[in-house]
Amino acid sequence: MVYFEQKNWQLALDNFQAALDAVSSKPAWIDAWARIKRGNAYDAQGNRPRAVAEYQKAMQTGSDYDNAQAVAKRFIGTPYDPKAPAEQAQNTPGEF
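Notes on the structure follow. Just so we're clear, the structure is a prediction, and the values are computed from it rather than from any experiment. (Residues numbered from 1 in each chain as written. Predicted model: local features only at pLDDT ≥ 70, side-chain atom pairs only at ≥ 80, totals over all residues. Heavy atoms only, no water.)

This paragraph deals with unusual backbone geometry. The backbone of Asp-66 shows a phi angle near 55 degrees, a positive value even though the residue is not glycine. The residue Asn-67 is not glycine, and still its phi comes out positive at about 65 degrees. Note that Asn-67 resides in the loop between α4 (48–60) and α5 (68–77). (Helix = DSSP H or I, 4+ residues; strand = E, 2+ residues; numbered from the N terminus.)

The next thing to look at is helix α2 (residues 9–22). When the terminal C-alpha atoms of α2 are compared, their 20 Å separation across 14 residues agrees well with the 20 Å that a helix rising 1.5 Å per residue should span. Looking at α2, one finds that the buried residues are Trp-9, Ala-12, Leu-13, Phe-16 and Leu-20. Projected down its long axis, α2 shows its buried positions confined to an angular sector of 100 degrees, all on one face. In α2, those exposed residues whose orientation departs by more than 90 degrees from the buried face are Asp-21 and Ala-22. Among the structural elements, α1 (2–5) and α3 (28–45) are those in contact with the buried residues of α2. (Expected span 1.5 Å × (residues − 1). Buried < 20%, exposed > 50% of the residue type's maximum accessible area, 1.4 Å probe, protein only. Arc of directions from axis to C-beta. Contact = heavy atoms within 4.5 Å.)

Moving on to the environment of Asp-64. Considering the arrangement of structural elements, one finds Asp-64 in the loop between α4 and α5. Judged by relative accessible area, which is 43%, Asp-64 ranks as partly exposed. Taking C-alpha positions, Asp-64 is 9.5 Å from Trp-33, a pair spaced 31 residues apart along the chain. In contact with Asp-64, other than residues within four places in its own chain, are Gln-69 and Ala-70. A distance of 3.3 Å separates a polar side-chain atom of Asp-64 from the backbone nitrogen of Ala-68. (Polar contact = N/O pair within 3.5 Å; in protein donor to acceptor, adjacent residues only side chain to side chain.)

Interpretation in functional terms is not warranted from these geometric data alone.
This is how it looks when you write it as structure tokens:
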């Protein structure tokens, strides 16, 4: 999340992927939110197709921790904009 907040999109992508790869028995919410944040990073880079694919994978996890399903669905419809006011990103998990 630090790299994401610093807008270092590639390092954020790499570290969210590391969270996905870390352990096979992790809670589903980690997968969901790592996918959402990867989607946000791809949107910030201008790679909309990869962003949408990540949001769809987040929805496929079935986890709705911290409203993940609604957040992923919203970003499928409206790309993440890193220049938008902070309320766009306020639905982030508290423990990520």
